[in-house]
Amino acid sequence: MIVANNDRQYSRLSAVKQVSVVLALGCALAACGKKEDAAPATDAAPTAAATAPAVTAQTAVSAKVSAMSVDQLREAARKAYVENRLYAPAEDNAVEYYLALREKAPADAAASSALTDLLPMTVIATEQSVGREDFSEAQRLSALIERADPQHPALARLKASVGAAQDAQAKRAEQEKLTAEEQAKKQAELEKQRQQQQQQQQQQAAQQLATQQAAERQAATQREAEQRAAEQRAAEQRASEQRAAAQRAAASERAAPAAAAPSELRAVSTPAPRYPPEALRAGQSGEVQVEFTVATDGSVTAARVVRSNPARVFDREAVNAVRKWRFQPVPSPVTTRRTIGFNPGGG
């Protein structure tokens, strides 16, 4: 039996219940004049509550919806969500489609997430249905909530409020002696109010969700833009540092005195530099150009790195080695440059 049939049956049974109440009152009044007729009159008027089928979590989702495939459910849920059919009408709303989708595809995170977003709105709609005394709709919605989350903290309160409101309505009906025609008119008005209220509420809820999602997208876009800007600034800074280093090297080379001719300097001792252990393990090679001054006694002073490739890997060992070099004495200090190569193969 699908949910739509249950809804119509609840509407009919609600009217029958009111008629039964009126009949019961008539029998009670008649019993004041003739007690022996009271028992048959009471037995002949069973209440609607005794025969009305309960809307449970098992019947919350219709057989028609449950029979749909996973792809059909996903598309129907998406369309209902976009068209603001979040929990109504019965058999054609996002909550029912997502419930059936979650049962067929338990690993579908989108279905669980959507139900988490939709349950608070369904709780509010249930409370509003109780306020309108639209108990069949309240029971349908509370059954959807129970199907989605049997441990939902509002579930017990909603069921209690439905029962209490039904009892209160029955008492008022008993006092006011509503006729079946008046009850049917009231039911039609309730249906109209429900449709208007649910349509308005679903539109508002959809607007709130759209606003929230737009804000999240904007924040993500802003974070990405900030990250790109930071990366661009870092790249520009690195490029600026490289240009400055190149300019300093060029200026140093222009300002340096001319290298001495080989005939002016005769090396006495040029020990090889120590190979950096890290570079050796990595099999890394390179070269360093060192500028230094040979004093009149042949010792080396003022050794400094002019350029190196790769930068700063072999600089220290190259300078330390040059400082230990010795040349034959010269008439006056001579400044020159030498390029020292580093090759892990020993070349």
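Here's what I pulled together on the structure shown here. (Residues numbered from 1 in each chain as written. Predicted model: local features only at pLDDT ≥ 70, side-chain atom pairs only at ≥ 80, totals over all residues. Heavy atoms only, no water.)

1. Points about the overall build of the protein
We apply this condition: Secondary structure elements are defined from DSSP: runs of H or I of at least 4 residues count as helices, runs of E of at least 2 residues count as strands, and each element is numbered from the N terminus. Each residue gets one of three labels from its accessible area relative to the maximum for its type: buried under 20%, exposed over 50%, partly exposed in between, using a 1.4 Å probe on protein chains only. Here, residues are in contact when the closest pair of their heavy atoms is within 4.5 Å. For the accessible areas, the method is Shrake-Rupley and the probe is 1.4 Å, while residue cover comes only from the protein chains on display.
Within the protein one finds twelve helices and five strands. By the burial criterion, 36% of the 347 residues in the protein qualify as buried. Restricting the contact set of the protein to residue pairs at least 6 apart, pairs at least 24 apart contribute 74%. Here the protein has roughly 20,200 Å² of accessible surface; of this, 52% comes from carbon and sulfur atoms.

2. Here's the deal with helix H5 (residues 70-82)
What counts, and what does not: The length a helix should cover is 1.5 Å for every residue beyond the first. Directions pointing from the helix axis toward each C-beta atom define the arc.
When the terminal C-alpha atoms of H5 are compared, their 18 Å separation across 13 residues agrees well with the 18 Å that a helix rising 1.5 Å per residue should span. Listed as buried for H5 are Leu73, Ala76, Ala77, Ala80 and Tyr81. One side of H5 holds all its buried residues, which, seen down the axis, span an arc of 135°. H5 presents Asp71 and Val82 as exposed residues on the side facing more than 90 degrees away from its buried surface.

3. Details of the side chain of serine 299
This is how it is decided: N or O atoms closer than or at 3.5 Å make up a polar contact, with two conditions inside protein: a donor-capable atom paired with an acceptor-capable one, and, for residues adjacent in sequence, both atoms drawn from side chains.
Mapped onto the elements of the fold, serine 299 is located in the loop between strand E2 (286-294) and strand E3 (300-309). At 2.8 Å, the side chain of serine 299 and the side chain of aspartate 297 are in polar contact. Discounting residues that sit within four places of it in the chain, serine 299 has contacts with Thr293, Val294 and Arg326.

4. Here's the deal with the packing of aromatic side chains
Counted only if it meets this: A pair of aromatic rings is counted whenever rings of Phe, Tyr or Trp (Trp by its six-membered ring) have centres within 6.5 Å, and the orientation is called stacked for planes under 30 degrees apart, edge-to-face for over 60 and tilted otherwise.
Considering all chains together, one arrives at six aromatic pairs under this definition. Measuring from centroid to centroid gives 5.8 Å for tyrosine 275 and phenylalanine 342, while their planes differ by 75°, and the two rings are edge-to-face. Taken together, the residues tyrosine 275 in the loop between strand E1 (267-269) and helix H11 (277-281) and phenylalanine 342 in strand E5 (residues 334-342) connect sequence positions 67 residues apart. With relative accessibility at 18%, the residue tyrosine 275 sits in the buried group. By relative accessible area, which is 4% here, phenylalanine 342 ends up buried.

5. Some points on the packing of H5 against helix H6 (residues 94-104)
For clarity, the threshold we go by: Axis angles are defined between N-to-C directions and span 0 to 180 degrees, where every axis is a line fitted to C-alpha atoms and, for a helix, only to the segment in contact. Roughly parallel here means an angle under 35 degrees, roughly antiparallel means over 145, roughly perpendicular means 65 to 115, and every remaining angle is called oblique. When the near helix sits turned anticlockwise from the far one by under a right angle, the crossing is termed left-handed; a clockwise turn instead gives a right-handed crossing. For this classification, the nonpolar set comprises Ala, Val, Leu, Ile, Met, Phe, Trp, Tyr, Cys and Pro, the charged set comprises Asp, Glu, Lys and Arg, and every other residue, Gly included, is treated as polar.
Put simply, H5 and H6 touch, their axes get as near as 8 Å, and they point 155° apart. With respect to H6, the element H5 is oriented roughly antiparallel. Here H5 and H6 pass one another in a crossing that is left-handed. Residues Val70, Leu73, Arg74, Ala76, Ala77, Arg78, Ala80 and Tyr81 of H5 pack against Ala94, Tyr97, Tyr98, Ala100, Leu101 and Lys104 of H6. Class assignment of the residues belonging to the contact of H5 with H6 gives a composition of eleven nonpolar, no polar and three charged.

6. Description of the sheet that holds E5
Working definition: the strands of a sheet are paired by backbone hydrogen bonds and lie parallel or antiparallel to each other. Let me state the cut-off plainly: Strand pairing is assigned whenever DSSP identifies at least 2 bridges connecting the two strands.
Read from one edge of the open sheet, three strands run E3-E2-E5, paired in antiparallel fashion. Single-partner strands in this sheet number two, and they are E3 and E5. The sheet shows a mean angle of 25° between the axes of neighbouring strands, direction not considered. Pairing of E2 with E5 involves nine bridges; the strand directions are antiparallel. Paired with valine 290 across the strands is arginine 338, a residue of E5. The strands that helix H12 (residues 315-323) touches are E2, E3 and E5; relative to E3, the one it contacts most, it runs at about 150°.

7. Let's talk about the environment of isoleucine 124
Looking at the element boundaries, isoleucine 124 is found in helix H7 (residues 109-131). Accessibility expressed as a relative area gives 39% for isoleucine 124, which makes it partly exposed. Residues isoleucine 124 and glutamine 201, 77 residues apart in the sequence, show an inter-C-alpha distance of 9.4 Å.

8. Some words on the side chain of threonine 293
Here threonine 293 shows up in strand E2. Under the relative-accessibility criterion, threonine 293 is labelled buried at 17%. At 2.9 Å, the side chain of threonine 293 and the side chain of threonine 335 are in polar contact. Apart from the residues lying within four places of it in its own chain, the contact partners of threonine 293 are Ser299, Val300, Thr301, Ala302, Pro333, Val334 and Thr335.

9. Considerations on the packing of helix H8 (residues 135-148) against helix H9 (residues 155-176)
Following both chains from N to C, one finds H8 and H9 inclined at 165°, their axes separated by 10 Å at the closest point. Taken together, the axes of H8 and H9 are roughly antiparallel relative to one another. Pair H8 / H9 crosses with left-handed handedness. On H9, the residues that touch Phe135, Ala138, Gln139, Ser142, Ile145 and Glu146 of H8 are Leu155, Leu158, Lys159, Val162, Ala165, Gln166 and Gln169.

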